[in-house]
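Architecture at a glance
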Amino acid sequence: MKKIVLLLFSFSFFISLGQSITQTVRGTIVDKQSQTPLPGVVVQILNSSPPQGTSSNEKGEFRLTGVPIGRLQLKFQVVSYKEKYITIILNAGKESVTNVELEESVVQGEEVVIVAEEDKTKTHNKLSSVSSRVFSAEEAARYAGSRNDPARMAANFAGVSGANDSRNDIVIRGNSPLGILWRVNGLDIPNPNHFGNAGSTGGPISILNNNALDNSDFMTGAFAADYGNATSGVFDLRIRQGNNEKKEFLAQLGFNGFELGAEGPFTKNKNSTFLINYRYSTLSVFKALNIDFGTGAAVPQYQDVTFKTDFATKKAGKFSFWGVGGLSYVALLESDKKPGQDLYGFSARDTYFRSNVGASGVSHVILFKNNAYLKTNVGVSGTYNHVIADRIDTSFKTPKNIKPEYRQTTQTIRYSLNSTYNKKFNSRNFLNAGVYAELYNTLFVDSNDYLFGNHTFITLRNYKGNTSLLRGFVQWQHKFSDNFLINAGISNQFFLLNNSNAVEPRLGLKYSINKKQALSFGSGLHSQLQPIYIYFASDTVNGKRVETNRGLDFTRAAHAVLAYDNNFSTNFRLKTEIYYQYIFNAPVKNTPGYFSVLNLGADFTSPNVNNLVSKGTGYNYGLEITLEKFYSKGYYFLFTSSLFESKYKGSDEVLRNTAFNGNYVLNLLGGKEFKINQRHTISIDIRGTFAGGKRYTPIDLTKSIAVNDEVRDANRAYELQYPNYFRLDVKPGYRFNTKKVTHEFSIDIQNITQNSNVFQQTYDITNKTIKTDYQLKFFVIPQYRVLF
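Here's what I pulled together on the structure shown here.

About the criteria used
- Residues numbered from 1 in each chain as written.
- Predicted model: local features only at pLDDT ≥ 70, side-chain atom pairs only at ≥ 80, totals over all residues.
- Heavy atoms only, no water.
- Helix = DSSP H or I, 4+ residues; strand = E, 2+ residues; numbered from the N terminus.
- Rg over C-alpha atoms; globule rule 2.2 N^0.38 Å.
- Buried < 20%, exposed > 50% of the residue type's maximum accessible area, 1.4 Å probe, protein only.
- Contact = heavy atoms within 4.5 Å.
- Lys, Arg positive; Asp, Glu negative; His and termini not counted.
- Charge placed at Lys NZ, Arg CZ, Asp CG, Glu CD.
- Salt bridge = Lys/Arg side-chain N within 4 Å of Asp/Glu carboxyl O.
- Core = buried A, V, L, I, M, F, W, Y, C linked by side-chain atoms within 4.5 Å.
- Pairing = 2+ DSSP bridges.
- Axes fitted to C-alpha atoms, helices over the stretch in contact; angles between N-to-C directions.
- Polar contact = N/O pair within 3.5 Å; in protein donor to acceptor, adjacent residues only side chain to side chain.
- Patch = residues over 30% accessible without salt bridge, like charges linked within 9 Å, V, L, I, M, F, W, Y side chains within 5 Å.
- Areas by Shrake-Rupley, 256 points an atom, 1.4 Å probe, with all protein chains shown as cover.

1. Examining the overall build of the protein
- Looking only at helices and strands, the protein features six helices and 45 strands.
- In terms of overall dimensions, the protein is globule-like: its C-alpha atoms have a radius of gyration of 27 Å, near the 28 Å expected for 788 residues.
- Overall, the C-alpha framework of the protein stretches about 80 × 75 × 45 Å when taken along its three principal axes.
- Each of the 788 residues in the protein was classed as buried or not, and the buried ones make up 58%.
- Summarising the internal contacts of the protein: among those between residues at least 6 apart in sequence, 65% fall at separations of at least 24.
- Taking the average location of the 87 positive side-chain charges in the protein and that of its 65 negative ones, the two points are 5 Å from each other.

2. What about the pattern of salt bridges?
- With the rule as written, the count across this model stands at 46 salt bridges.
- We note a salt bridge from Arg133 to Glu139, for which the minimum N-O separation is 3.7 Å.
- Here Glu139 falls in the buried class, since its relative accessible area comes to 1%.
- Note that Asp214 is salt-bridged to Arg238, the shortest N-O span being 3.7 Å. Taken together, the residues Asp214 in the loop between strand E14 (205-206) and strand E15 (216-219) and Arg238 in the loop between strand E16 (233-237) and strand E17 (248-254) connect sequence positions 24 residues apart.
- We classify Asp214 as partly exposed; its relative accessible area is 24%.
- Among the residues examined, Arg238 registers a relative accessible area of 28% and is labelled partly exposed.
- If you follow the salt bridges from partner to partner, you end up with Arg71, Glu138, Arg142, Glu673 and Arg735 in one network.

3. As for unusual backbone geometry
- With omega at 0 degrees, the peptide bond leading from Ser49 into Pro50 counts as cis.
- Structurally, the position occupied by Pro50 is in the loop between strand E2 (42-45) and strand E3 (52-55).
- The backbone phi angle of Asn229 is positive, close to 55 degrees, even though this residue is not glycine.
- With respect to the secondary-structure elements, Asn229 resides in the loop between E15 and E16.
- Residue Asn229 is classed as buried on the basis of its relative accessible area of 15%.

4. Considerations on the nonpolar core
- Among the nonpolar cores identified, the biggest contains 32 residues, and Phe157, Ile170, Trp182, Phe218 and Phe235 are the most heavily contacted of them.
- Of all the elements in the fold, those that place two or more residues in this core are helix H3 (150-154), strand E11 (180-184), strand E12 (187-189), E16, strand E21 (318-333), strand E22 (349-368) and strand E35 (635-649).

5. Brief notes about the pairing of strand E5 (residues 70-77)
- A large share of E5 lies buried, amounting to six of its eight residues.
- Across four bridges, the pairing between E2 and E5 is antiparallel. Along E5, the bridge assignment pairs Val43 with Phe76.
- Bridge count for E5 against strand E6 (residues 84-90) is seven bridges, and the pairing is antiparallel. Paired with Leu72 across the strands is Ile88, a residue of E6.
- In sequence, E5 turns back onto E6 through a hairpin of six residues, with Ser80 there showing a positive phi of about 80 degrees.

6. Overview of the sheet that holds E5
- Pairing is antiparallel across the open sheet formed by four strands, whose spatial order is E3-E2-E5-E6. Strands with a single pairing partner mark the edges of an open sheet, and in this sheet they are E3 and E6. Taken pair by pair, the neighbouring strands of this sheet meet at an average axis angle of 20 degrees, ignoring direction.

7. Some words on the pairing of E11
- With five of five residues buried, E11 is to be regarded as a mostly interior element.
- Two elements, E11 and E16, share five bridges in a ladder whose sense is parallel. Note on E16: the bridge partner recorded for Arg183 is Asp236.
- Between E11 and E12, which pair antiparallel and follow one another directly, the connecting turn spans two residues, one of which, Asn185, has a positive phi of 50 degrees.

8. Focus on the environment of Glu645
- Tracing the sequence through the fold places Glu645 in strand E35.
- Sequence-wise, Glu645 and Leu623 are 22 residues apart; in three dimensions their C-alpha atoms are separated by 9.6 Å.
- In this structure Glu645 touches Tyr619, Asn620, Tyr621, Asn657, Asn661 and Asn663, once residues within four positions along its chain are discounted.
- One polar contact links Glu645 to Asn661, side chain to side chain, over a distance of 2.9 Å.

9. What about the environment of Arg545?
- Residue placement: Arg545 occurs in strand E31 (residues 544-547).
- Between the alpha carbons of Arg545 and Phe195 there is a distance of 30 Å; along the sequence they are 350 residues apart.
- In this structure, Arg545 is in contact with Ile458, Thr459, Leu460, Ser538, Asp539 and Thr540, ignoring residues within four places of it in sequence.

10. Here's the deal with the sheet that holds strand E7 (residues 96-102)
- Spatial strand order, E4-E1-E7: three strands in an open sheet with mixed pairing. Among the strands making up the open sheet, the edge pair consists of strand E4 (61-68) and E7. Averaged over all pairs of adjacent strands, the angle between their axes in this sheet comes to 25 degrees, without regard to strand direction.
- Note that strand E1 (residues 22-31) and E4 share six bridges and pair antiparallel. Each residue of the ladder has a partner; that of Thr22, found in E4, is Pro68.

11. Considerations on a nonpolar patch on the surface
- There is a patch of nonpolar side chains on the surface, built from Phe266, Phe311, Phe319, Phe321, Val362, Val378 and Leu417 and spanning about 590 Å² of accessible area.
- You can call Phe311 partly exposed: its relative accessible area is 37%.

Below you can see the structure in the form of structure tokens.
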């Protein structure tokens, strides 16, 4: 009897393995410029057997049921619109809900074919001409070494340098990472990273949850007029909408934390949805397993949440309410450091660092009958930092030989309102115009004790107040034909703190030589405020503390980019870009010196630099090459190379390397999927990076010993360069589907060759030597995710 039962069980088990697992593919198709639904679009699954397809209804909706799971390529086709292809991964544990935008052809009745995975040069922004691409959340999860972080994923793209294991700062074409604009769902937001210091744009761990992101845009120069207050690049991110028909859940455990997520409809009428993801740090578990994650003896603590709700009405349009936020804390304690441990903090100091960041907004979109729509966003965002630093010195006659040295509390709350009007006149002409208003409520208080006496703290910054930034823009796109278009626009920014004004013209051209080749050109002026804390730095004048930087102008940058694209074969693309950027009005000292704001963002500090004037200059130029094979036939690869020069002049008029002038970056990554059967898929992804080392100012050891603190040789600012950076990452993965659940396992092995990449050199106060800290030697990140 037992043998019969066992035989029946085994038979039913293998029968279940042989059963095909299917899922639903659905979505909405709209006109790219007017956002109006497109009925009658033919949707096909390529290479399916038997053939599967459908067409969109009067609301632009389409649905395909009973689709076998796996990686699929969808084709969208309708007369008078350009044909489009996209690739999706269909899992047993989650429906595929895809929103597709189609671009109308100038020559009516003609179909224009784009043969490839979704064209990554076609950004969601309708007026981007050059130096831009769309990326998916799946790419951020797929690429080895990316840690599910969009910023680390973008470091693989041409023009971006990511030779820093400790932070995800985006260094674009030799510019400071402070030149980046972060935007989520139409609202400009502060630095979306845990442990980000005041005024920075990067950090060790992103609060942006990859599981909640939709396809988004990344731009590296000469961007459209609707982007302001940025000089180097733009991350234009979108939080996706939750499933409007069924509830779905996920659980994930990995480097970024332990995560739970849920999404689905609020009610059965499918007009309202929710999505929420929460993460909590797991680094204490990694530390207990003796895994080094780049913070030495310290254990960072953090948590974050991402949410979005959507409500569609019949006449009043669509409303969305969303938010992201994170809390983080770390104590870098020299006093508790064990022999042989690295700390990556400041020598002979106990440092306590707390950082909170958040952003939330309400978006409203209403469509008009004349091929136009209005989008309005209102929101609030903010950052809070609290820093305590105590000096450790055997000469102090205090408990543990500790005395207070530095205290900082900074807080910036930003209230935002913007509205943009979009009008499609016909297949040739499109207009986009908008206004932005931002109110900053700021608090900056910090002080330092250089003398270590009694009541000898000196106030560095002490400001509490309000200021505002206003901006307006208008831009127009005209298509002379399907082969030639022009994007022209102008933007104006006005800063109420000191009445600074910046007018920014923008121009873009694109000419398609044939169906495979295209030439593009982009140029324009771009302006950015200084980090807010810079305006409130103070100095003692006639016995009083005076804010000496209030009159600083916008930093200005003129961009020019020439690009050539060649889709020389199905799913293959070659792209080259040459660029030149001239930077002016950068703050420098009012007395001769090497300092320039263009070098800020190279470390974790927010320096108190006073007596600045807007007279600094700089330039960047370079060549970028991208060779890409989009994901098809089970594999992909991406090769990018960037050769560049980045120079600046301080108030001493000496031409120097910027802190970010690494000169070159080479990236090569690729991956392959091995489909064992419908249920089981094995993958392997590899990434290698070779880049010029970080620029640095050498330590003057003699003077450092004399003053018992670190002293740099200012005459040799950014003259030297750490050895070349090299890192090889390997990421094997396994995906297992049951009837309604998907399990995903991966192990991201970073720096598998254990290359010793220099992180920094510091002066060791205790041993009176120069100490070299290294980046991650070998880092293993296991991850498990379940979708159901």
